[in-house]
Amino acid sequence: MFRLSKRCITSSVHASRGIATTSQLHQRVPMSKFDPETDVRENMAKLQRNVDIVKSRLRRPLTLSEKIVYGHLEEPETADIVRGESYLRLRPDRVAMQDATAQMAMLQFISSGLPKVAVPSTIHCDHLIEAQLGGEKDLTRAKDINAEVYNFLSTAGAKYGAGFWKPGSGIIHQIILENYAYPGIMLIGTDSHTVNGGGLGGIFVGVGGADAVDVMADIPWELKCPKVIGVNLTGEISSWTSPKDVILKVADILTVKGGTGAIVEYFGPGVNSMSCTGMATICNMGAEIGATTSIFPYNERMKNYLEATDRAGIAKVAGGYHSLLNSDQGCEYDEVIEINLSELKPLINGPFTPDLCTPISEVGARAEKEGWPTEIKVGLIGSCTNSSYEDMTRSASIARQAQSKGVEFKSLFTITPGSEQIRATIERDGIDKPLRDIGGMVLANACGPCIGQWDRQDVPKGEKNTIVTSYNRNFTGRNDANPNTHGFVASPEIVTALSLAGTLNFNPETDSLLDKDGNPFMLDTPYGDELPSNGFDPGEDTYQPPPADSSAVTVDVDPESNRLELLTPFAKWDGQDYNELQLLIKVKGKCTTDHISAAGPWLKFRGHLNNISNNFLITATNAENGEMNSIKSAITGDFGAVPATAREYKAAGIGWVVVGDENYGEGSSREHAALEPRHLGGKAIIVRSFARIHETNLKKQGMLPLTFADPADYNKVQPGDKISINGLASFAPGVPLSCTLKHGDGTTDR
């Protein structure tokens, strides 16, 4: 049913080549209704020309992802193209930034001195709204608390030519899918789940703010040429199984680092059994396996979604390039996973990592064996991963069944609409009512608990408990800052069913609930509409376009602000080797960007580098003592907080190093996890392996990201070590550096 073969695999989805002509497409077709001066026809024609050039050079069939990536090369005639080896210089079509990362990105762009962004760019306010009392109240509170930041982003967007989506608009990835995504586009976004857009057949990549600034400044974007992992889908999805289960299974197979350096490309007849938004769900969680991005071939389901979101013109253009938007016959993948959708059963992943996979039929027994709490305290559906109209209608179908039996949720239950359009449409169509009537609370159109923006009050901090979500990430403390919250990830319909039962010991395919009179009943298979029959209701207009003339717009940053701070350049490298740098901390085990630079309450400082640096590595585990945020100072000999000790070294002129484990920096795209160590005086991060985005961010911010030539050398590092790094003057790609460890007893290791 599942697993892999190697290379030389033929894709089973193909079409005859079709080129759009001027006579077929005589009118301008904008990239979005907000970008009337652009033309998708020109973009697609250029993409085809570049692909033709590359194919004439490589003389082999191309995968779909290769076509779109290589089609955006700055110099397709001469670019060095070797999967997993060469670096590509690319020209993305547009940039998108969420408000937490946009602050630092726009501060960097301002420091460039450029008058306008070079490509269509947007800012989306979704990360700073804390879930507390419900949608409207939480939104009102967020607008008040974050007024300074929202004003900065609004005026910066207006001044420099970026569109601004106001708070309440929705989550960046849903807004992109509804308005900006289309087949063949290349979009980079300052959030790891930018990859969501692959559900509409484009290349969408999460990056740090510095990469986004490069593109906005008309500088080519550099990306290591990705490998390509193929996922051949056969059979059809049915019953309680959903697209979410596909990516939960892929995460089980590849693990959280198995997609690193690769694009995951789905193909096969099973693709056509899923909706466009279902494909987006799968691509969204590709971030959890470390993939550069994920993508699906253009098909009828994408066409239907484009038409339903008022982009029939783009659908028509895409239809003329059907061959370009599918893989070539005989193309080769570096690895292929086979999944028979007809055999796939509902899954639930967790706790504490998104790749720990268990069939829903077995999770109760496994929880009891492992000591995981089986009582479900809270069920949460929505987020950028699963908040489509289809997701909401399928969950609502379960709620209606429960309501007819007089049953309410046994767990607390929240619903997060992905966008204002989704909120308005499900409200108009009565989709949210049955969920609310049996105890659900509708939250704001924002990220909310998915990123830790949750003022959770139902359990004391530190209490061991279980939550189930339809989100994407479930790292320790991710949702509520409680390290003892066991977070499980599943489809919205499974989360809804489990919340009715209130326990992990429930399989909706085989188990019964009790109605209000104590009589057993089973839930019918969930059902839902892929798209609203009456079209989407756009809801409130929350978009602010940049003015044609921005000369009168001013962007102010209060020098006394604790939320925003203008950037000053870091000191330049002196050209010398690093001699006897101090080991700051040897991190043990999983260290995500949440461990390096926590979110939740710290999001308020994302525009103030000095203040947010006080969260540096505060939840990482110190290998010396097994504790968090407790390291020994080489100056005083006392144990103290990681950020305070780093500041102590910086003040004393002592450079330092962090040593880490496998897949260091997995998770979000937040460049603060790279800015903070540079700001605090760090020189290098040495690990067994890196996650892609974090490694790139470190390079962009002038930190030296190094990996042990032998991963076992991690074990040679001892508390208090002095670390020398030699060979920097002649440092070049493929040339190793030498490192000397000087231990406290005077002995050394190399």
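Residues numbered from 1 in each chain as written. Predicted model: local features only at pLDDT ≥ 70, side-chain atom pairs only at ≥ 80, totals over all residues. Heavy atoms only, no water.

With that settled, the discussion passes to the overall build of the protein chain. Broken down by element type, the protein chain carries 21 helices and 31 strands. A compact globule built from 750 residues should have a C-alpha radius of gyration of about 27 Å, and the protein chain, at 25 Å, falls within 12% of that. By principal-axis analysis of the C-alpha atoms, the protein chain measures approximately 75 × 65 × 60 Å. For the protein chain, buried positions account for 61% of its 750 residues. Averaged over its 72 positive side-chain charges, the protein chain has a centre that lies 3 Å from the centre of its 91 negative ones. (Helix = DSSP H or I, 4+ residues; strand = E, 2+ residues; numbered from the N terminus. Rg over C-alpha atoms; globule rule 2.2 N^0.38 Å. Buried < 20%, exposed > 50% of the residue type's maximum accessible area, 1.4 Å probe, protein only. Lys, Arg positive; Asp, Glu negative; His and termini not counted. Charge placed at Lys NZ, Arg CZ, Asp CG, Glu CD.)

The subject of this paragraph is helix H9 (residues 276-284). The element H9 is extensively covered by neighbouring structure, given that nine of its nine residues are classed as buried. Against helix H6 (172-179), helix H8 (243-254), strand S10 (262-267), strand S11 (293-295), helix H10 (300-308) and helix H13 (389-404) lie the buried residues of H9. (Contact = heavy atoms within 4.5 Å.)

Side-chain pairs of opposite charge can arise whenever the charged atoms involved come near each other. The tally for this structure, following the rule as stated, stands at 37 salt bridges. One salt bridge in this structure joins arginine 83 and glutamate 66, with 3.0 Å as the shortest N-O distance. Of this pair, arginine 83 sits in the loop between helix H2 (64-70) and strand S2 (87-90) while glutamate 66 sits in helix H2, and the two are 17 residues apart along the sequence. Across this residue pair, the class does not change: arginine 83 and glutamate 66 are buried. A salt bridge links lysine 257 to glutamate 662, with the shortest nitrogen-to-oxygen separation between them at 3.2 Å. One end of the pair, lysine 257, is in the loop between H8 and S10; the other, glutamate 662, is in the loop between strand S26 (656-660) and helix H20 (672-679), with 405 residues separating them in the sequence. (Salt bridge = Lys/Arg side-chain N within 4 Å of Asp/Glu carboxyl O.)

Going through the model one piece at a time under the given rule, you end up with 14 aromatic pairs. Geometrically, the ring pair formed by tyrosine 664 and phenylalanine 690 is edge-to-face, given 6.1 Å between the ring centres and 85° between the ring planes. Remark: phenylalanine 690 occurs in the loop between strand S27 (682-687) and helix H21 (692-700) and tyrosine 664 occurs in the loop between S26 and H20; sequence separation between them is 26 residues. Phenylalanine 690 matches tyrosine 664 in its accessibility class, with the two residues each being buried. A connected cluster of aromatic rings, assembled from ring pairs, spans Phe34, Trp165, Tyr180 and Tyr543. (Phe/Tyr/Trp six-rings, centres within 6.5 Å; stacked < 30°, edge-to-face > 60°.)

Take the nonpolar core next. Tyr70, Trp221, Leu233, Val246, Tyr266 and Phe296 are the most contacted members of the largest nonpolar core, which totals 127 residues. Residues contacting tyrosine 70, with those up to four places away along its chain left out, are Asn50, Val54, Leu58, Arg60, Leu62, Ile81, Arg83, Leu88 and Cys225. Tyr389, Ala396, Ile398 and Leu513 belong to the second-largest nonpolar core, a separate cluster that totals 38 residues. (Core = buried A, V, L, I, M, F, W, Y, C linked by side-chain atoms within 4.5 Å.)

Peptide bonds are, in most cases, trans, and in most cases residues other than glycine have a negative phi. Note the cis peptide between glycine 350 and proline 351, where omega equals 5°. Its location among the elements puts proline 351 in the loop between strand S13 (347-349) and strand S14 (357-359). In this structure, arginine 59 is a non-glycine residue whose phi angle is positive, near 55°. Turning to its location among the elements, arginine 59 is positioned in the loop between helix H1 (40-58) and H2. Taking the relative accessible area as the measure of exposure, arginine 59 reaches 72% and is therefore exposed. At alanine 481, a position not held by glycine, the phi torsion is positive, near 65°. By the secondary structure assignment, alanine 481 is in the loop between strand S18 (465-469) and strand S19 (485-489).

Attention shifts here to H1. Between its first and last C-alpha atoms H1 spans 27 Å; for 19 residues at 1.5 Å apiece the expected length is 27 Å, and the two agree. All of the buried residues in H1 are Val40, Met44, Leu47, Gln48, Asn50, Val51 and Val54. Contact partners of the buried residues in H1: H2 and helix H11 (312-319). Arginine 59, located one to two residues past H1, shows a positive phi value of around 55°. (Expected span 1.5 Å × (residues − 1).)

Overall, the predicted model of the protein chain reaches an average pLDDT of 94, with 97% of residues at or above 70. In the model, residues 1-25 has pLDDT below 50 throughout and makes 76 contacts with residues more than four positions away in sequence or in other chains. (pLDDT = per-residue confidence, 0-100.)

In this section: the packing of helix H3 (residues 99-112) against helix H5 (residues 147-160). Remark: H3 packs on H5, axes separated minimally by 10 Å, with the N-to-C direction vectors making an angle of 50°. Comparing their axes, H5 and H3 come out oblique. Seen from above, H3 lies across H5 with left-handed handedness. The segment H3 lies against H5, with Asp99, Ala102, Gln103, Met106, Leu107, Phe109 and Ile110 engaging Val149, Tyr150, Phe152, Leu153, Ala156 and Tyr160. (Axes fitted to C-alpha atoms, helices over the stretch in contact; angles between N-to-C directions. Parallel < 35°, antiparallel > 145°, perpendicular 65-115°, else oblique. Left-handed = near helix turned anticlockwise from the far one by under 90°.)

Its location among the elements puts isoleucine 110 in helix H3. When its relative accessible area of 23% is taken as the criterion, isoleucine 110 is described as partly exposed. C-alpha separation for the pair isoleucine 110 and tyrosine 160, spaced 50 residues apart in sequence, amounts to 8.5 Å. Ignoring anything within four residues of it in the chain, the contact list for isoleucine 110 reads Phe152, Tyr160 and Val555.

In space, the six strands of this open sheet follow the order S7-S6-S3-S4-S5-S22, with mixed pairing throughout. Across the chains shown, the open sheet's two edge strands, defined by having one partner strand only, are strand S7 (203-206) and strand S22 (543-544). Strand direction decides the pairing type here: strand S6 (residues 186-189) and S7, joined by four bridges, are parallel. By the bridge assignment for S7, glycine 189 is matched with glycine 206. Sheet strands touched by H6: strand S3 (94-98), strand S4 (121-124), strand S5 (163-165), S6 and S7. Its angle to S3, the strand with the most contacts, is close to 150°. (Pairing = 2+ DSSP bridges.)

Our next topic: the sheet that holds strand S28 (residues 704-707). Pairing within the open sheet is mixed, and its seven strands lie in the order S28-S27-S26-S23-S29-S30-S31. Lying at the two open borders of the sheet, with one neighbouring strand each, are S28 and strand S31 (748-749). Examined bridge by bridge, strand S23 (residues 578-586) and strand S29 (residues 722-726) share three bridges and lie antiparallel to one another. Bridging from a neighbouring strand, leucine 581 pairs with isoleucine 723 of S29.

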